[in-house]
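Observations on chain architecture
Chain by chain, the residues:
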Amino acid sequence: MHKTRLPNTAFALCALLLCGAVLGALWSVRFLPLQDYPQHLFIAFATATADSATFDWLKHYDISPSLAPYNLCYLIIGGVSQLIGIEAAGKTFLSLIILLYTGFVLTQPKSDQSESIRAPWPLLLIFPLFFNQIFYMGFLNYLLALPLLLFALRYTISFATSTNPKSQLALLGPLMALVFLAHPYVFTVYLVLGGCILWSHWGSFNTMVRLLKLFIPSGLMFVFWYLQLPKLDQPFVFSWWDFIDGTLTYFALPFMGMRLTTNIDSITLALWAAIATVILYSLWRARDSIAWLRPSLMLWMTLLTLVLFCALPFWFGYYSYFNVRLAPLVCLLAVVTFSVLPVHRIGAAVIMVSCLGLLAIADQRHRDYSVETAAILPILEQMPANARVFPIYEDSSSAQFDPTFYYQIHAHDHHYYHTLIGGGVGPTLFPNPMLPVQYKVGALPPSPNSAQGLAQAYDFVLLRSPKPNMVNLFSEVMQPIARSGPWFSFKAIKH
């Protein structure tokens with residue numbers, strides 16, 4: 001069984017400082033640059049206020065919050081919102097995730113290779129990697145599941161060889177349940193990586209039986225749950241991104257400042273290059289003292305995840321980003337793999353300073369994006385609660401992000417209407433049967449393909465970065481209400 005590492009004071013203080021820097025980057029702005037975040041807040045807010053007479057949620061939606069897979073995020077945010085409001089609840093949820101990572105870093109167990117290593121300095125890279133590709137996509141459920149997965153893998157490795165497996169299972173069981181409730185996809189990843197743990201004990205009959213007793217019922221439970229899910233009325237398709245211009249380029253985004261096809265951030269690139277230099281130099285220095293030619297279990301997990309990232313389709317059935325959402329997990333597992341490296345104090349200082357620099361860049365990115373998003377506020381302030389709202393985005397990109405991969409990063413901004421003003425309905429709710437909020441039968445608003453049709457079906461139409469002829473077209477059939485930055489709003493004329 002692994003021993004718990006008591007980190008030295010310098011390492012612990014550095015980890016806590018970086019945790020504070022991440023929290024600062026989350027709380028220093030009002031609007032965070034997470035693409036799907038506004039819709040997740042809307043779902044959590046509707047779940048928490050479903051019975052409120054102030055809002056007309058139940059006119060349009062079936063709302064059924066429950067402790068079910070893919071619902072943990074909404075239960076946490078919705079519950080906290082009752083105490084501190086929905087905006088602060090969303091940031092509290094993200095803060096919980098970084099606190100989980102911090103706990104993981106500060107409790108890294110010792111391995112046979114790392115007995116003489118005073119501190120796992122490469123683990124500090126988890127903090128700048130928190131702001132990864134999937135973070136900016138705003139996949140909140142997935143983001144929560146990742147640190148839980150790391151803990152689950154750690155305790156599974158310990159469980160396999162523990163002399164007291166029942167005590168280990170008392171920790172591992174709830175962790176597995178939390179991973180499943182946070183995001184079922186990550187639970188399947190856990191089972192796949194569990195295969196690496198099983199393989200590492202090949203030939204040890206009792207250990208393999210112990211692990212199979214854990215994995216087989218878990219896998220059967222997942223299959224049973226998946227088969228009873230309602231089927232979507234959509235084609236079940238498979239498709240892959242272009243490997244170079246799509247998959248690999250997407251992987252490289254965090255190391256280029258989240259911009260690669262245009263305006264690479266040279267400072268971000270330089271800081272990651274400095275970190276890579278420290279890692280490579282540490283590998284070279286440890287070539288005689290650490291058996292790096294003997295692949296470790298964590299290395300096998302990293303390589304397997306990388307293979308899955310490269311080989312799996314982008315579209316898998318009804319679900320997109322199926323393979324590329326593994327990108328941050330590849331990096332996290334690689335960081336854990338490198339954590340056994342003995343890093344010279346100068347290298348440790350380079351890692352720490354580079355991490356602070358990367359987090360400062362992320363903080364500025366968030367500030368600039370928040371200014372862009374805040375342009376919608378004067379529009380929303382002119383709208384009453386419980387309205388039917390139709391958004392049209394001619395351009396939903398941001399100057400802070402790569403326009404190829406994040407061309408829709410502002411495409412859910414209109415959902416701030418449902419959380420900041422409250423109530424109402426629009427046509428853009430995720431078509432996901434696992435969500436606790438679903439359109440009532442027959443309540444899905446129409447999407448007419450004419451300005452006249454939209455004027456009849458909706459109370460308000462919001463345009464972002466429209467062409468002049470579109471503004472003129474809606475001005476003829478609706479009442480212009482407000483303009484702010486790239487936004488225009490129009491109100492239906494009731495006769």
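All of these numbers come straight from a predicted model, not from anything done at the bench.

**Comments concerning the overall build of the chain**
- Along the chain, the regular secondary structure elements total 20 helices and 10 strands.
- Along the first, second and third principal axes, the C-alpha atoms of the chain reach 80 × 50 × 45 Å.
- When contacts within the chain are restricted to residue pairs at least 6 apart in sequence, long-range pairs at least 24 apart make up 77% of them.
- For the chain, the accessible area works out to roughly 21100 Å², and carbon and sulfur atoms hold 64% of it.

**Describing helix 12 (residues 243-252)**
- Among all positions in helix 12, only Gly-246, Thr-247, Thr-249, Tyr-250 and Ala-252 are buried.
- As for helix 12, its buried residues are in contact with helix 7 (133-137) and helix 14 (297-311).
- Two or three places before Ile-244, at the start of helix 12, stands the capping residue Asp-242, its side-chain oxygen 3.2 Å from that residue's backbone nitrogen.

**A closer look at a nonpolar patch on the surface**
- A cluster of nonpolar side chains, namely Trp-199, Trp-202, Trp-300, Leu-303 and Leu-306, defines an oily patch on the protein surface of about 580 Å² accessible area.
- Here the element with the most residues in the nonpolar patch is helix 14; it accounts for 3 residues.
- Note that Trp-199 resides in helix 10 (residues 184-200).

**Some remarks on the sheet that holds strand 6 (residues 389-393)**
- Reading across from one edge, 6-8-10-9 is the order of the 4 strands in this open sheet, with mixed pairing throughout. Where the open sheet ends on each side, the last strands, each with one partner, are strand 6 and strand 9 (478-484). Averaged over all neighbouring strand pairs, the angle between strand axes comes to 20 degrees, with direction disregarded.
- Sheet topology places strand 6 next to strand 8 (residues 460-464); 5 bridges connect them, and they run parallel. Bridged to Phe-390 within strand 8 is Val-461.
- Contacts between helix 20 (residues 468-477) and the sheet are confined to strand 6, strand 8, strand 9 and strand 10 (487-492), with strand 9 contributing the most and set at about 135 degrees to the helix.

**Some words on the nonpolar core**
- The biggest cluster of nonpolar side chains holds 154 residues, and the ones touching the most others in it are Leu-94, Leu-124, Phe-127, Phe-131, Tyr-190 and Tyr-406.
- If you tally residues by element for this core, the top one is helix 8 (residues 140-161), at 15 residues.
- Every residue in contact with Leu-94, bar those within four places of it in the chain, is listed here: Leu-26, Leu-32, Leu-34, Tyr-37, Phe-130, Phe-135, Leu-140 and Leu-143.
- Ranked by size, the runner-up nonpolar core spans 16 residues in total, among them Ala-457, Val-461, Phe-474 and Ala-492.

**A closer look at unusual backbone geometry**
- The backbone of Tyr-70 shows a phi angle near 75 degrees, a positive value even though the residue is not glycine.
- Locating Tyr-70 in the fold gives a position in the loop between strand 2 (61-63) and helix 4 (72-84).
- Despite not being glycine, Asn-386 has its phi angle at roughly 65 degrees, a positive value.
- Within the secondary structure layout, Asn-386 lies in the loop between helix 17 (377-380) and strand 6.
- Overall, the relative accessible area of 28% leaves Asn-386 in the partly exposed class.

**Digging into the confidence of the model for the chain**
- When the pLDDT values of the chain are averaged, the result is 92; 94% of them are 70 or greater.
- The model gives residues 112-116 a pLDDT under 50, and that stretch makes 7 contacts with residues more than four places away or in other chains.

**A look at the side chain of His-201**
- Take His-201: it is sitting in the loop between helix 10 and helix 11 (205-227).
- Exposure remark for His-201: the relative accessible area of 18% places this residue in the buried category.
- In contact with His-201, other than residues within four places in its own chain, are Ala-160, Thr-161, Thr-207, Met-208 and Leu-211.

**Some remarks on the environment of Thr-92**
- For Thr-92, the location among the structural elements is in helix 5 (residues 86-106).
- The class of Thr-92 is partly exposed, set by a relative accessible area of 26%.
- Distance from Thr-92 to Tyr-281, taken between C-alpha atoms, is 38 Å for residues 189 residues apart in sequence.
- Beyond its immediate sequence surroundings of up to four residues, Thr-92 is in contact with Trp-27, Val-80 and Ile-84.

**Notes on the packing of aromatic side chains**
- Scanning all chains against the criterion turns up 48 aromatic pairs.
- Plain terms: the ring middles of Phe-238 and Phe-316 are 5.1 Å apart, the flat faces sit at 75 degrees to each other, and that makes the pair edge-to-face. Note that Phe-238 is positioned in strand 4 (residues 237-239) and Phe-316 in strand 5 (residues 315-317), a separation of 78 residues in sequence.
- Taking the relative accessible area as the measure of exposure, Phe-238 reaches 46% and is therefore partly exposed.
- In this structure Phe-316 comes out as partly exposed when scored by relative accessible area, which is 29%.
- Aromatic pair Phe-316 and Phe-322: ring centres 4.4 Å apart, planes at 20 degrees, arrangement stacked.
- Feature note: the residues Tyr-101, Phe-130, Phe-131, Phe-135, Tyr-136, Tyr-369, Phe-401 and Tyr-406 constitute an aromatic cluster, connected by ring pairs.
- A cation sits over an aromatic face here: Arg-154 above Phe-104, 4.0 Å from the ring centre.
- The ring centre of Tyr-185 lies 5.5 Å from the NZ or CZ of Arg-325, which sits over that ring.

**Topic: the pairing of strand 6**
- Taken across its 5 residues, strand 6 has 5 buried, putting it largely inside the fold.
- Burial of the side chains of strand 6 extends over both faces: Val-389, Pro-391 and Tyr-393 are buried on one face and Phe-390 and Ile-392 on the other.

**What to know about the environment of Pro-480**
- Note that Pro-480 resides in strand 9.
- When the C-alpha atoms of Pro-480 and Phe-224 are compared, they prove to be 52 Å apart, with 256 residues separating the residues in sequence.
- Apart from the residues lying within four places of it in its own chain, the contact partners of Pro-480 are Ser-475, Ser-489 and Phe-490.

What counts as what
Residues numbered from 1 in each chain as written. Predicted model: local features only at pLDDT ≥ 70, side-chain atom pairs only at ≥ 80, totals over all residues. Heavy atoms only, no water. Helix = DSSP H or I, 4+ residues; strand = E, 2+ residues; numbered from the N terminus. Contact = heavy atoms within 4.5 Å. Areas by Shrake-Rupley, 256 points an atom, 1.4 Å probe, with all protein chains shown as cover. Buried < 20%, exposed > 50% of the residue type's maximum accessible area, 1.4 Å probe, protein only. Polar contact = N/O pair within 3.5 Å; in protein donor to acceptor, adjacent residues only side chain to side chain. Patch = residues over 30% accessible without salt bridge, like charges linked within 9 Å, V, L, I, M, F, W, Y side chains within 5 Å. Salt bridge = Lys/Arg side-chain N within 4 Å of Asp/Glu carboxyl O. Pairing = 2+ DSSP bridges. Axes fitted to C-alpha atoms, helices over the stretch in contact; angles between N-to-C directions. Core = buried A, V, L, I, M, F, W, Y, C linked by side-chain atoms within 4.5 Å. pLDDT = per-residue confidence, 0-100. Phe/Tyr/Trp six-rings, centres within 6.5 Å; stacked < 30°, edge-to-face > 60°. Lys NZ or Arg CZ within 6 Å of the ring centre and 35° of its normal.

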